[in-house]
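A look at the structure
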Amino acid sequence: MKIKGSIALVTGASSGIGEATAKRLATAGYKVYGTSRRGAQSGQRSFAMLPLDVTRDESVEAAVKSSFAWKAASTCS
């Protein structure tokens, strides 16, 4: 069940299971923010990519803030 306006933050979304999960959530209607250590890579994706190193607290905080900031901006427009 999807809640209206839901967002998902998916780690490891540059390949494999993480990428498949992000694609599936995007197809289901979620606003998806995929993450990887390198962030955005070339290629067409149905979700935004953010850089994230889960071993660094400041990186986690920045990724979460970015996803919520983008969500707030899209809600206002």
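Parameters and conventions
Residues numbered from 1 in each chain as written. Predicted model: local features only at pLDDT ≥ 70, side-chain atom pairs only at ≥ 80, totals over all residues. Heavy atoms only, no water. Salt bridge = Lys/Arg side-chain N within 4 Å of Asp/Glu carboxyl O. Helix = DSSP H or I, 4+ residues; strand = E, 2+ residues; numbered from the N terminus. Contact = heavy atoms within 4.5 Å. Expected span 1.5 Å × (residues − 1). Buried < 20%, exposed > 50% of the residue type's maximum accessible area, 1.4 Å probe, protein only. Arc of directions from axis to C-beta. Patch = residues over 30% accessible without salt bridge, like charges linked within 9 Å, V, L, I, M, F, W, Y side chains within 5 Å. Areas by Shrake-Rupley, 256 points an atom, 1.4 Å probe, with all protein chains shown as cover. Pairing = 2+ DSSP bridges. Axes fitted to C-alpha atoms, helices over the stretch in contact; angles between N-to-C directions.

What follows covers the pattern of salt bridges. Applying the stated criterion across every chain, the model contains four salt bridges. With its nearest N and O atoms 3.0 Å apart, the salt bridge here joins Glu-58 to Arg-56.

Here Thr-35 shows up in strand S2 (residues 31–36). The residues contacting Thr-35, other than those within four sequence positions of it, are Leu-9, Val-10, Thr-11, Gly-12, Ala-13, Ser-14, Met-49, Leu-50 and Leu-52.

Moving on: helix H1 (residues 16–27). Since the α-helix turns once every 3.6 residues, residues separated by three or four places project in the same direction. Counted at 1.5 Å a residue, the expected span for H1 with its 12 residues is 16 Å, and the 17 Å between its end C-alpha atoms agrees. Buried within H1 are the following residues: Gly-18, Ala-22 and Ala-26. Looking down the long axis of H1, one finds its buried residues gathered within 65° of arc, a one-sided arrangement. Away from its buried face by more than 90 degrees, H1 exposes Ile-17, Arg-24 and Thr-27. After H1 finishes, the residue Gly-29 shows a positive phi value of roughly 105°.

Right, let's talk about a nonpolar patch on the surface for a bit. Together, Leu-9, Val-54, Val-60, Val-64 and Phe-68 make up a nonpolar patch on the protein surface, roughly 410 Å² of accessible area in all. In terms of residue count, helix H2 (residues 57–76) provides more of the nonpolar patch than any other element does, three residues in total. Note on placement: Leu-9 falls in strand S1 (residues 7–10). Residue class for Leu-9 comes out partly exposed when judged on its relative accessible area of 37%.

To summarise the sheet geometry, strands pair through backbone hydrogen bonds and adopt either a parallel or an antiparallel arrangement. The strand order across the open sheet built from three strands is S1-S2-S3, with neighbouring strands paired in parallel fashion. Each edge of the open sheet is held by one strand with a lone partner, namely S1 and strand S3 (48–51). Along the sheet, successive strands turn relative to each other by an average axial angle of 25°, direction set aside. Contacting S1 and S2, H1 runs over the sheet at an angle of about 170° to S1.

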